[in-house]
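Residues per chain, in single letters:
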Amino acid sequence: MWKRRVVPAIFGLAIVAALFSLRLADPYPVQAMRDITFDNFQRLSPRPDGDFPVRVVDVDEASLAQIGQWPWPRKILAELVDRLTQMGAAVIVFDMLFPEPDRMSPNRIISSLDSDVAARVKAAGGDVEDYDKVFAAAIARSRTVLGFGVTPQPGPLPNKAKSGFAIVGPDPTPAVPTMPGAVVSLPELMDAATGMGSISLQPGDSIAVVRRLPLLWTDGKQLFPSLALEALRVAMGVSTTVVFGDETGPGYVQSVRVGDLEIPTTPTGALWLHYRRMPDSLYVSAKDILGPDFAAKADSIAGNIVFVGTSATGLLDIRGTPLGINVPGVSIHVQAIEQILSGDFLKRTDWIVALELLFFVVISISIVFLILASGPMLCFVVGAVMAGAIVAASWLGYVKWGLLIDPSYSLVGGFVVYSAMIFFQFVITDADKRRIRGAFGHYVAPALLAQIEKSDRLSLGGEMRDLSIMFSDVRNFTTISEKMEPHALVTMLNTLFGNLGERITEQYGTIDKFIGDAIMAFWNAPIDVPGHPRRACQAALGMRDTLRKLNDGDAFHLKANGNPMSEIAIGIGISTGTALVGNLGLETRFDYSCVGDTVNVASRVEGSCKTVGYDIVVVEATRNQASDFAFLEAGSISLKGKSERERIHILVGGPELAQSEGFKALELAHRAAITELAAGGDADSQIARCEELAAPIEPHLAHFYETLRTRRADFVGQRPQEAIAATGGLAPIPEPAK
């Protein structure tokens, strides 16, 4: 019970606790798995289409081909700003940086010439045009927002945000991403601009998938807006951005408000981006604005927030999105503004994280106890239903309320718990199997044990097979046991059964059961054992030799336990014939055993050892199939429940003894004695002759022949089994050696 229930339960709960702690730590692989799940949500159900007042003037490949390679002279950019202003743009937002003076500005070109040449050129041309000043003047005539880029290396930072910030509640500045350094446009351009915001799409600003857009940055002292947030502020004509600190978690951002638009954020002040697939109508090529027919595009520009960015591949502003497509970085700022204007926000709050943890705990603990109670199959079905319910709830929360509920950790964590429990159960089962093999290896033939382990048909039923069946019993066990303490008696039986059992199993026998002080074993089931009668006889002889050694070594400590018996003696009976063998018993509890007349005969033959006066007695069928062993005929006995007498033999030794001259002489003398007994004669002289010949061969034969004198009735009318000589007479009995 402890190993099969409590230990696996503790193991499973420990795995659940470890995975729970891992989720609380939230390492990168867990975050990545969660992000990929949310990406798939957006691919299946992106943000609905809509017409929003946002456009992109795109420095695309066609514009570069017509106007020239990038960077363009800033006089051209000034013209672009003037035309967009003339076309009615609400705000012009540059998603690009101008940190260095325009190298194509005439004043820069002249300055790079030889001083005398530069002086003559200036004298001849008068004032030399400065394209940066021209660009700054155009910016000043419009409502323009310029950007700065956050760098991971320490460096100069923007002096001051153009937006004012009001903080409501606890100060969330410590939670906002910090700028180590920044790349800022020329001061004269920044001074001319109406607004200033960060063009960086995420901390570190890598080219990875952009899922969250930081709306706020800090230099450690003051806050700065993102480019999208600043563009929205300028377009709405407000001077201050309101930042709400989280009342329940000091130091975190709860939301940001621009005008009457409130934007829920992550604790760090980022916006979960809800993407849609951008239509081509969003983009206006820069060449069309700078061309002679620019007025034709006025309807696409008037009243819109106009971003100036680039989709040209060579300008390296291409970013990944959850939709699985790469887009110009400028379009991500557009996505953010559209999302804010539509009020279509994705939300992920603390209670959602708590709900995810609850999902994981419920499904994981359920798996642990379902496996223990019902097994892996039912647990798999129930777990799959629970997993489906969690996925369905997460999907419904996303499509209906914009809730980002992560089902992935519950599913993966539950699968890990399921796999761990299955593996642990396998380890326990395998350990049990090894222990069973170790224990039953003493009592079951190894070949049988291997077949049982492979079998998938362990059910009630049996088959008729030809078997050799052995019963072994301890003589005078009652006398022995009443003089011994229980623990000493158990030790004695374990020693006896362990050693005798080895002799049985090494001859491919199966120990059916231990019955008090008796052993029942059989051969030739469930696997075929060729020559099984010989195997049974060999096992019996081995048991005799083993018992002799145990007695000689005082392995049973009979004298030490005050027992009147000086040694342990056993009787062995062997019968060969057909019996029913298989799994016998109840559906819930059964044993592999055998039943039938052959079994009863073997039991009765073992009991006849006392009558016969010898330790190993076999039936005639066993003797006939092991004819090369040393047998002596022991007459015919009456068995309880059988109408006819059973012809029996005693097993004296193996084939080697059977071929010895001494045993051959004994065999002839024995045949003469039983022939005389069968004829009703005296046979005392013949028995005396047998006793004389048997003494050097097998000591226990003395008692057999002593008993033989009292068993004349078991031989009357019986002819010896073997044919005598061809003449019909008895062969001469050799004289004993001088």
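Overview of the structure.

### Digging into the overall build of the chain
For step 1, the next point in the chain: A tally of regular secondary structure across the chain gives 25 helices and 25 strands.
For step 2, the next point in the chain: Contacts in the chain between residues far apart in sequence, at least 24 positions, make up 77% of those at least 6 positions apart.
For step 3, the next point in the chain: Surface summary for the chain: the accessible area is close to 34200 Å², and the carbon and sulfur share equals 57%.

### Some points on helix H14 (residues 376–401)
For step 1, the next point in the chain: In a regular helix each residue adds 1.5 Å, so 26 residues correspond to 38 Å; H14 covers 36 Å between its end C-alpha atoms and thus fits that length.
For step 2, the next point in the chain: Considered for burial, the residues of H14 that qualify are Cys379, Gly383, Ala387, Ile390, Ser394, Gly397 and Tyr398.
For step 3, the next point in the chain: Looking one or two residues past H14, Gly402 carries a phi angle of roughly 70 degrees, positive in sign.

### Side note on the sheet that holds strand E10 (residues 240–245)
For step 1, the next point in the chain: Here 4 strands make up an open sheet; going across it, the order is E4-E10-E11-E12 and the pairing mixed. Only two strands of the sheet have a single partner each, and these edge strands are strand E4 (164–168) and strand E12 (261–264). Looking at each pair of strands side by side, their axes are set apart by 25 degrees on average, direction ignored.
For step 2, the next point in the chain: Taken strand by strand, helix H9 (residues 227–236) contacts E10, strand E11 (253–258) and E12, and its axis lies near 35 degrees from that of E11.

### Things to note about a nonpolar patch on the surface
For step 1, the next point in the chain: Taken together, the side chains of Leu378, Phe380, Val381 and Val385 make up a nonpolar region of the molecular surface, amounting to roughly 380 Å² of accessible area.
For step 2, the next point in the chain: Checked against the element boundaries, Phe380 lands in helix H14.
For step 3, the next point in the chain: Residue Phe380 is classed as partly exposed on the basis of its relative accessible area of 49%.

### Side note on helix H7 (residues 131–140)
For step 1, the next point in the chain: Among all positions of H7, only Tyr131, Asp132, Phe135, Ala136, Ala138 and Ile139 are buried. Looking straight down H7, one finds that the buried residues subtend no more than 160 degrees of arc, so they occupy a single side. Among the exposed residues of H7, those oriented more than 90 degrees off its buried face are Lys133 and Ala140.
For step 2, the next point in the chain: Taking the backbone nitrogen of Asp132 as reference, a side-chain oxygen 3.0 Å away marks Asp130 as the first, capping residue of H7.

### Considering the packing of helix H13 (residues 350–374) against H14
For step 1, the next point in the chain: Close contact between H13 and H14 brings their axes to 8 Å; oriented N to C, the two are set at 165 degrees. Viewed along their axes, H13 and H14 adopt a mutual orientation that is roughly antiparallel. When the axes of H13 and H14 are compared, the crossing they make is right-handed. Residues Phe359, Val362, Ile363, Ser366, Ile367, Leu370, Ile371 and Ser374 of H13 pack against Pro376, Leu378, Cys379, Val382, Gly383, Met386, Ala387 and Ile390 of H14.
For step 2, the next point in the chain: Looking at the contact of H13 with H14, its residues break down into 13 nonpolar, 3 polar and no charged.

Definitions and cut-offs
- Sequence positions are assigned chain by chain, starting from 1 and proceeding in written order.
- pLDDT decides what is reported in this predicted model: residues at 70 or higher carry local features, side-chain atom pairs at 80 or more are listed and counted, and totals for whole chains, interfaces and linings draw on all residues regardless.
- Heavy atoms throughout the structure, all of them, feed into the side-chain values; hydrogens and water do not.
- A helix here means a DSSP run of H or I that spans at least four residues, while a strand means a run of E at least two residues long, and both kinds are numbered starting from the N terminus.
- Throughout, a residue-residue contact means that at least one pair of heavy atoms, one from each residue, lies within 4.5 Å.
- Using a 1.4 Å probe, the Shrake-Rupley method yields the accessible areas, and only the shown protein chains count as cover for residues.
- Expected span of a helix, by definition, is 1.5 Å for each gap between consecutive residues, and there is one gap fewer than residues.
- Think of it in three bands: with a 1.4 Å probe and only protein chains considered, a residue is buried below 20% of the maximum accessible area for its type, exposed above 50%, and partly exposed in between.
- One requirement defines pairing of two strands: DSSP has to find at least two bridges between them.
- Angular values range over 0 to 180 degrees, each being the angle between N-to-C directions of two axes fitted as lines to C-alpha atoms, with helices fitted over their stretch in contact.
- Patch membership requires more than 30% relative accessible area and the absence of a salt bridge. Residues of like charge join within 9 Å; the nonpolar side chains Val, Leu, Ile, Met, Phe, Trp and Tyr join within 5 Å.
- Salt bridges are counted wherever a side-chain nitrogen of Lys or Arg sits within 4 Å of a carboxyl oxygen of Asp or Glu.
- In this description, one arc is meant: the one made by directions from the helix axis to the C-beta atoms.
- For this analysis, a polar contact is any N or O atom pair within 3.5 Å, provided that within protein one partner can donate a hydrogen and the other can accept it, and provided that sequence-adjacent residues contribute only side-chain to side-chain pairs.
- When describing relative orientation, an angle under 35 degrees is termed roughly parallel and one over 145 degrees roughly antiparallel, while 65 to 115 degrees is termed roughly perpendicular and anything else oblique.
- Working rule for handedness: look at the near helix, and if it is turned counterclockwise from the far one by less than a right angle, call the crossing left-handed; if clockwise, right-handed.
- Amino acid classes used here: Ala, Val, Leu, Ile, Met, Phe, Trp, Tyr, Cys and Pro are nonpolar; Asp, Glu, Lys and Arg are charged; the rest, including Gly, are polar.

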